[in-house]
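Summary of structural features
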Amino acid sequence: MAAPTYVSASPGTADAAGAWSHTISGTVPAAGRFYIVQILQDGATNGAISAVVGTNIENLAGTDDVWTQIPGTNADGSHPVGASGAARQFLYAGRALSSTNPTISGANSTSEDLFIKAVRFDDVSTGTTLGTVIENATAGATANGVATSATAADTGVTTLGVDRLALNFVAVNNDNPIAEFSGQSGGTWVERYEYPDSAGTDGCLQLQTAAMASAGTIDGGTASITNSDSWGVVGFALIGTTVEAADRVPRFSPYPQLLAH
């Protein structure tokens, strides 16, 4: 019984067009380990990313060789990036099937560049639906902040119980560095990775996390970007393996024991 923790991230991958793939190396895979893949599509074409599958991975419901998409508001399930939706961010979750490195792959019908990272977490809920694994004010929910500026704002995360890990996945459609969020209340953001890549049209991915021991909200942080760019920040919390009080089986009955006669 524990709160989720960040463990490690794979090296980043940049892909120019057509079929794409990413191998989640740089982590120690084992059956049941939990991963999230972050993808920046540096363009706004709806439906460009399709046929997303994997190997040595299963989705939250236990179906082999596919991922569970953590959906946003765009028609293809992506999260907008930038005030005018200049780019798109995709997030996928899954659990490893074995000690072989998982993969994710798909199609890209455009020349819009992709930038990909994958991250491993431990002690994440073993639930089979998004509503039992992530939350932001409500079960299964996410929030997404967007703008085009030289300062990015964190996306507030509201947890509903004990032992959560708040996440902010940041995507910028340029390869400019992003600072760690500061000035927030309700917790402390910690940068876990930053992946700027100058390939093609450039892009940058970042993850910041905050441990949330009890129900509450972390919000109000800002971070500088080297230049004014389109950015998007998807925020939600991972639920831990801790059993909530309402779900525990009492060790002792509150009712008097009836004596046998």
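Model, not experiment: these values are computed from the prediction.

What about the overall build of the protein?
Assigned secondary structure in the protein consists of zero helices and 20 strands. The C-alpha radius of gyration computed for the protein amounts to 19 Å, which stays within 12% of the reference 18 Å derived for 261 residues, consistent with globular compactness. Considering only C-alpha atoms, the protein reaches an extent of 85 × 40 × 30 Å along its principal axes. Total accessible area on the protein stands at roughly 10,700 Å², and carbon and sulfur atoms take up 53% of it. Charge-centre separation for the protein: the mean point of 9 positive side chains lies 13 Å from the mean point of 23 negative side chains.

Considerations on unusual backbone geometry
Of note in this structure, Asn56 is not a glycine but carries a positive phi near 55 degrees. Relative to the elements of secondary structure, Asn56 occurs in the loop between β5 (49-55) and β6 (57-58). Phi at Asp163 is positive, roughly 55 degrees, even though this residue is not glycine.

Overview of the packing of aromatic side chains
Taken as a whole, this structure holds four aromatic pairs when the rule is applied. Centroid distance Tyr6 to Phe121: 6.4 Å. Interplanar angle 75 degrees. Geometry classified as edge-to-face. In this pair, Tyr6 is assigned in strand β1 (residues 5-9) and Phe121 in strand β11 (residues 114-122), connecting sequence segments 115 residues apart. Judged by relative accessible area, Phe121 falls into the buried class, the value being 1%. Ring centres of Phe169 and Phe236 lie 5.9 Å apart, and the angle between their planes is 25 degrees; this geometry places the pair in the stacked category. Separated by 67 residues along the polypeptide, Phe169 in strand β16 (residues 164-172) and Phe236 in strand β20 (residues 222-239) bring together distant segments of the chain. No difference in accessibility class separates Phe169 from Phe236, as the two residues are buried. Between the NZ or CZ atom of Lys117 and the centre of the ring of Tyr193, over which it lies, the distance is 4.8 Å.

Comments concerning the sheet that holds strand β10 (residues 103-108)
As summarised here, the arrangement of the three strands in space is β3-β10-β5, forming an open sheet in which the pairing is antiparallel. Each end of this open sheet is capped by a strand with a single partner; those strands are β3 (20-23) and β5. Sheet twist, expressed as the mean angle between neighbouring strand axes with direction ignored, is 15 degrees. In the sheet, β5 pairs with β10 via five bridges, with the strands oriented antiparallel. For Thr55, the partnering residue across the bridge sits in β10 and is Thr103.

Quick word on the nonpolar core
Membership of the largest hydrophobic core comes to 21 residues, with the highest contact counts inside it found for Phe34, Ile36, Phe121, Leu167, Phe169, Phe236 and Leu238. Secondary-structure elements contributing two or more residues to this core are β4 (34-41), β9 (87-96), β11, β16 and β20. Among residues more than four places away in sequence, those in contact with Leu238 are Pro4, Phe34, Ile36, Phe121, Val124, Val133, Ile134, Asp163, Arg164, Leu165 and Leu167. Listed in part, the 17 residues of the second largest apolar core include Ala152, Ala166, Cys204 and Ile218.

A short note on the confidence of the model for the protein
Averaged over every residue, the pLDDT of the protein is 93; residues scoring 70 or more account for 92%. In this model residues 257-261 is a low-confidence stretch, pLDDT under 50, and it forms zero contacts with partners more than four residues away in sequence or in other chains.

Thresholds, definitions, all that
- Residues numbered from 1 in each chain as written.
- Predicted model: local features only at pLDDT ≥ 70, side-chain atom pairs only at ≥ 80, totals over all residues.
- Heavy atoms only, no water.
- Helix = DSSP H or I, 4+ residues; strand = E, 2+ residues; numbered from the N terminus.
- Rg over C-alpha atoms; globule rule 2.2 N^0.38 Å.
- Areas by Shrake-Rupley, 256 points an atom, 1.4 Å probe, with all protein chains shown as cover.
- Lys, Arg positive; Asp, Glu negative; His and termini not counted.
- Charge placed at Lys NZ, Arg CZ, Asp CG, Glu CD.
- Phe/Tyr/Trp six-rings, centres within 6.5 Å; stacked < 30°, edge-to-face > 60°.
- Buried < 20%, exposed > 50% of the residue type's maximum accessible area, 1.4 Å probe, protein only.
- Lys NZ or Arg CZ within 6 Å of the ring centre and 35° of its normal.
- Pairing = 2+ DSSP bridges.
- Axes fitted to C-alpha atoms, helices over the stretch in contact; angles between N-to-C directions.
- Core = buried A, V, L, I, M, F, W, Y, C linked by side-chain atoms within 4.5 Å.
- Contact = heavy atoms within 4.5 Å.
- pLDDT = per-residue confidence, 0-100.

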